[in-house]
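# Descriptive structure summary
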Amino acid sequence: MTSRGRGARDAGRTARRSASPYAACAVAASWIAGPLLGQTVEPEVSMAPDVTEIHVGDPLRVEISVRHAGTLGVVWPDSLDVSPFEVVSIAESAPRSDGDVLVSRATLTVTAFELGELELPAISLELGGPDGTASRVFTDPVVIGVTSVGLDEGGDIRDVRGPRAIARSWLSFWPWFVLLVLAVGAGY
């Protein structure tokens, strides 16, 4: 490497080193001054399924995550109407800090018993503050493909068959026949 290339590289390092304390101060000042200037964190909600296609009756896990200000809390519903899907379970997790915001998550497990492209509808969540303020956020709907389990859907319906006969082996009756002849002979 030439001295000119080495010098340019060292100058870039020096510029980065001198800029990093200023950048850190600017970020810290925005965190501190943001609430003082009336800037608030707008809540963001997302709904992400683990797959986009399931078989009929299979469970589908959907993660719902809400990014919100630390002064708010998410009120997770006890029950949801997400028809044509059916709710199997809702598992909440503790909020996690991500800088000046909190991320609240819940895993929703649903299943469907209809075929086709089904829409998991938008879910409404309430955010509440300690002072009694409340706001509502909505997820976007998600389309999930529900397919059959692989049975032959094009085949003809067959007739119902009667019960099968029990297979009889005449050789299994010989010991009983001999026993009957011996009993009759002993009785005679």
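Residues numbered from 1 in each chain as written. Predicted model: local features only at pLDDT ≥ 70, side-chain atom pairs only at ≥ 80, totals over all residues. Heavy atoms only, no water.

### So, the packing of aromatic side chains
All told, the structure shown has one aromatic pair when counted by the stated rule. Centre to centre, the rings of Trp174 and Phe177 are 5.9 Å apart; their planes meet at 85 degrees, and the pair counts as edge-to-face. Here the residue Trp174 and the residue Phe177 both occupy positions in helix H2 (residues 174-187), the gap between them amounting to three residues, near one helical turn. Judged by its relative accessible area of 46%, Phe177 falls in the partly exposed class. (Phe/Tyr/Trp six-rings, centres within 6.5 Å; stacked < 30°, edge-to-face > 60°. Helix = DSSP H or I, 4+ residues; strand = E, 2+ residues; numbered from the N terminus. Buried < 20%, exposed > 50% of the residue type's maximum accessible area, 1.4 Å probe, protein only.)

### Here's the deal with unusual backbone geometry
Excluding glycine, residues mostly have negative phi values, and the peptide bonds linking residues are mostly trans. Residue Pro84 follows Ser83 across a cis peptide bond; omega there is 15 degrees. Inspection of the secondary structure assignment puts Pro84 in the loop between strand E4 (73-75) and strand E5 (85-98).

### Quick look at the environment of Ser89
Relative to the helices and strands, Ser89 is located in strand E5. Ser89 sits in the partly exposed class, given a relative accessible area of 34%. Along the primary structure Ser89 and Thr107 are separated by 18 residues, whereas in three dimensions their C-alpha atoms are 8.1 Å apart. Once residues within four sequence positions are removed from consideration, Ser89 is found in contact with Thr107, Leu108 and Thr109. (Contact = heavy atoms within 4.5 Å.)

### Structural notes on the confidence of the model for the chain
Mean pLDDT for the chain: 77, with 75% of residues reaching 70 or above. For the chain, the element scoring lowest by mean pLDDT is helix H1 (residues 3-36), at 41; strand E2 (residues 53-55) scores highest, at 93. Under a pLDDT of 50 for its full length, residues 1-39 has, in the predicted model, five contacts with residues more than four places off or in other chains. (pLDDT = per-residue confidence, 0-100.)

### Overview of the environment of Glu119
If you trace the backbone, Glu119 turns up in strand E7 (residues 116-120). Among the residues examined, Glu119 registers a relative accessible area of 45% and is labelled partly exposed. Between the alpha carbons of Glu119 and Pro141 there is a distance of 6.5 Å; along the sequence they are 22 residues apart.

### Digging into the sheet that holds E4
Across the sheet, three strands lie side by side as E4-E8-E9; this open sheet has antiparallel pairing. One side of each edge strand has no neighbouring strand; the edge strands of this open sheet are E4 and strand E9 (134-138). Each neighbouring strand pair of the sheet contributes to a mean axis angle of 35 degrees, computed without reference to strand direction. Relative to strand E8 (residues 124-128), E4 runs antiparallel, the two being bridged by three bridges. Following the sheet pairing, Val75 is matched in E8 by Glu126. (Pairing = 2+ DSSP bridges. Axes fitted to C-alpha atoms, helices over the stretch in contact; angles between N-to-C directions.)

### Comments concerning the sheet that holds E2
Strand order in the open sheet formed by three strands is E2-E10-E7, with mixed pairing between adjacent strands. Since the sheet does not close on itself, it has two edges, and those belong to E2 and E7, each with one partner. Strand-to-strand twist of the sheet, defined as the mean angle between neighbouring strand axes without regard to direction, takes the value 35 degrees.

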